[in-house]
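The chain contents come next:
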Amino acid sequence: MPGPIQSIERAAAVLRLLASGARRMGVAELARALGLPKPTVHGILRTLQLVGFVEQSPDTGKYQLGAALFHIGSSYLDGNELRTRALNWSDSLASRSMESVRIGTLHENQVLVVHHVFRPDNSRQVLEVGALLPSHASALGKVLLADDPVGLTDDEPLKAYTPATITDLDRLGEALEQVRQRGWASDVEELVEGEVSLAAPIRDRRAVTVGAVGISGPVERLCDEKKQPRTELVSYVREAARSISRELGAIPW
Amino acid sequence: MSTYIAAIDQGTTSSRCIVFDHGGAIVSVAQKEHRQIFPKPGWVEHDAEEIWANVLDVVHGALQKASLTVHDLAAVGITNQRETTLVWDKATGKPVHNAIVWQDTRTDQLVKELGEQNRFREKCGLPLATYFSGPKVRWLLDHVDGLRERGERGEVLFGTMDTWLIWKLTGRHVTDVTNASRTMLMNLETLDWDDELVDAIGVPKAMLPEIRSSAEVYGTATGTLEGVPVASALGDQQAALFGQTCYSPGEGKCTYGTGSFLLVNTGDKPVVSENGLLTTVGYKIGDQPAAYALEGAIAVTGALVQWFRDKMGLISSAPEIETLARSVEDNGGAYFVPAFSGLFAPHWRSDARGIIAGLTGYIDKGHIARAVLEATAWQTREVVDAMNADSGVELVALKVDGGMTANNLLMGFLSDVLDVPVVRPIVAETTCLGAAYAAGLAVGYWSDTETLRANWHKAAEWLPTMDAKTRDKGYRKWKKAVERTVGWIDEDDNDE
């Protein structure tokens, strides 16, 4: 076992200090309090700022804790709680779209299915709660990645499931930007050939994305002749996502 | 063209109105809570005038939310908290007293005086207990000045909440067979008030409503719902049975809420239980023969999870119990029998109190969370065993509804201990749906029960995965734990 990493210890000390004392502190103040040289503290602050854990006031140049840090601490929503709160609305979505519904949360770069409503045709289907889906190749995953402060890293290459799977990190970045702009995501035969999924974000009262809800089914039913997702189905998915968000206390939008 | 059906669910804590379309899908919902009045320990009352005002509010609200008017409604149906009892003045329409709610135990002594528990079971299908309406009316007649004389002259009227709402809406004094079957005053064979029962409990016949079917036009509404046919009434659990489309003998459902109620359709003959279940009317559509049902009532299921949350403080919301329970592999040998106010179906032991059995130093909060959830499944197993014994038919699948069906761990475990598939339908609001279905049938909005069956869709299904040996051992331990709850209360415990 290697010993503790000094720079992480120092970064933690900076965060603790910012959390405890006066809300905003300058570099000199922090350096004095920690007994460290100013350039060292400055380097730490710049890195922390880069990952969103601290923010610098444009007026005074002083530092405070960043929004990303709050999200890490409080955006966790129990998956079982999410399912319970979403039950009525996910049922309605299945009834209206006549397709199966899934709700997912991000779990170690994959999508964990926390709720599943069968396609309402009484055919034999198996409950998929607990299953994991690749985040770059599913609509649920794209919605969750689009709003994730960390996002996908290039540690592992993006796996191709079909010829349509996005495997290039830059192209995925563009796709996620589009998801952020229009407020919903699709996967058109990117995970399974002939299968399409659509999804929209579930947000809590602080507008933090805590999950995604979506439908999936064959391309013939979910898309038009030009292989574009049917607008009616997209609106059902977005309405369900809004209803669940409202249930979680989100301000209606 | 009238294209929707409205259902009014007059429940224990709130009144709701849900508007359904032809496919049985929810169009809009409005809900309003009413006050729970606790004049003394064990007494629970509702203000019937407040409930009526709330019902009008929610009907209005549900129509407004969907931008509908009364002209868009083909009919309105009613489902209600069962057994809650009201007496009102026929001339002025004013209640003579607050409604006495089903949970109210003020008739405890009266019920003891009326005799042995099974005295009336042959005729009305029910054991003597504080829940049922008959003894509650009797209490009012005994305690409100001059009420008995006025009842005998027919100047005051008795009704359960269905009757109160139908009377307010249409001016007709009627009840349906399902609600009447919870009074202890109706004969299950004749489906009419029984002279012997009425005399024994001591209620003047002149104040009783006319007993009608569950699905027929009782009258046309005036006021807010002007011109809309009032076309169904069903007690809440019977409405859920109807909404789950359990129209054939052997089909049943279990609704998981604070308590849980398992009802199984037994066809056109009442089955008198030899295993501690209630015999009740399931529904009656117009002139068709009544469908009877056996009912197993479990007092504490969701209430145990609430207790675990509020009194133990180990979780901050009810769904979190699943997360905590999943932190361990099994119950570690712990069993929780929540006999908080005695054991109900199929044991009926009022001297029992709750226990956690099998405790060792190994047990942590995760195991207790498991035991809490498993208690609901084992209690269901006991009721299902009693059902199978009484009906002679083995349950092949269990249809479930209610809030606890969101708990996957529980539903999976339930399937394991019953060794049958557990199925959740796509509309969780089966109570309102049942009232809407019955009203729709009465006015020809839906042609027959087969059409309604076609609306039923599976939303989730849990299949058994437990091996027989594990299941049998678990059930044996559960039964041993149950044995250890009985006889806890002593004569001098003064359990009031």
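Conventions we followed
Counting restarts for each chain, with residues numbered from 1 along the sequence as it is written. Lettering for chains starts from A, numbering for ligands starts from 1, and both go in the order in which the items are written. Thresholds applied to this predicted model are a pLDDT of at least 70 for local features of residues and 80 or more for the giving and counting of side-chain atom pairs; totals over whole chains, interfaces and linings are not thresholded and use all residues. Only hydrogens and water are set aside when side-chain values are computed; all heavy atoms of the structure are taken into account. Working definition: rings of Phe, Tyr and Trp (its six-membered ring) pair if their centres are within 6.5 Å, and the pair is stacked with planes under 30 degrees apart, edge-to-face with planes over 60 apart, and tilted otherwise. Helix and strand definitions here come from DSSP, where helices need a minimum of 4 consecutive H or I residues and strands a minimum of 2 consecutive E residues; each element is numbered from the N-terminal end. The cut-offs for exposure are 20% and 50% of the maximum accessible area for each residue type, with area from a 1.4 Å probe on protein chains only; residues under the lower value are buried, those over the upper are exposed, and the others partly exposed. Strand pairing is defined by DSSP finding a minimum of two bridges between the two strands. Axis lines are fitted to C-alpha atoms, over the contacting stretch for helices. Their N-to-C directions set the angle, which ranges from 0 to 180 degrees. An angle below 35 degrees is treated as roughly parallel, one above 145 as roughly antiparallel, one from 65 to 115 as roughly perpendicular, and anything else as oblique. If you view the pair so one helix is near and one far, a crossing is left-handed when the near helix is turned anticlockwise from the far one by less than a right angle, and right-handed when it is turned clockwise. Two residues qualify as a contact provided that any one of their heavy atoms is within 4.5 Å of a heavy atom in the partner residue. When residues are sorted by character, Ala, Val, Leu, Ile, Met, Phe, Trp, Tyr, Cys and Pro go into the nonpolar class, Asp, Glu, Lys and Arg into the charged class, and all the rest, Gly among them, into the polar class.

Draft legend 1. Structural context of the packing of aromatic side chains. All names here are of chain B. This structure, assessed with the given rule, holds 18 aromatic pairs over all chains. On the basis of an interplanar angle of 55 degrees and a centroid distance of 6.2 Å, the ring pair of Tyr-131 and Phe-344 is categorised as tilted. In this pair, Tyr-131 is assigned in the loop between helix 3 (121-124) and helix 4 (133-143) and Phe-344 in the loop between strand 19 (335-337) and strand 20 (355-357), connecting sequence segments 213 residues apart. Of the residues examined, Tyr-131 reaches a relative accessible area of 22% and is grouped as partly exposed. Take Phe-344: its relative accessible area is 15%, and that puts it in the buried class. Ring centres of Phe-336 and Phe-340 lie 6.5 Å apart, and the angle between their planes is 65 degrees; on these two criteria the pair is classed as edge-to-face. Residue classification places Phe-336 among the buried positions, given a relative accessible area of 3%.

Draft legend 2. The arrangement of the sheet that holds strand 15 (residues 252-256) of chain B in detail. All names here are of chain B. Sheet architecture is open: seven strands sit in the order 17-18-16-15-21-22-23, paired in mixed fashion. Only two strands of the sheet have a single partner each, and these edge strands are strand 17 (278-283) and strand 23 (458-462). The sheet shows a mean angle of 30 degrees between the axes of neighbouring strands, taken without regard to direction. Sheet topology note: the strand 22 (residues 422-425)/strand 23 ladder contains four bridges and is antiparallel. Paired with Arg-424 across the two strands is Ala-460, which belongs to strand 23.

Draft legend 3. Structural context of the packing of helix 1 (residues 48-65) of chain B against helix 6 (residues 161-170) of chain B. Residue and element names in this part refer to chain B. Interaxial distance between helix 1 and helix 6 falls to 11 Å at its minimum, and their mutual angle equals 60 degrees. Comparing the axis directions of helix 1 and helix 6 gives the class oblique. Where helix 1 crosses over helix 6, the handedness of that crossing is right-handed. Touching Ala-48, Glu-49, Ile-51, Trp-52 and Val-55 of helix 1 are Met-161, Trp-164, Leu-165, Lys-168 and Leu-169, all from helix 6. In terms of residue class, the contact of helix 1 with helix 6 is built from eight nonpolar, no polar and two charged.

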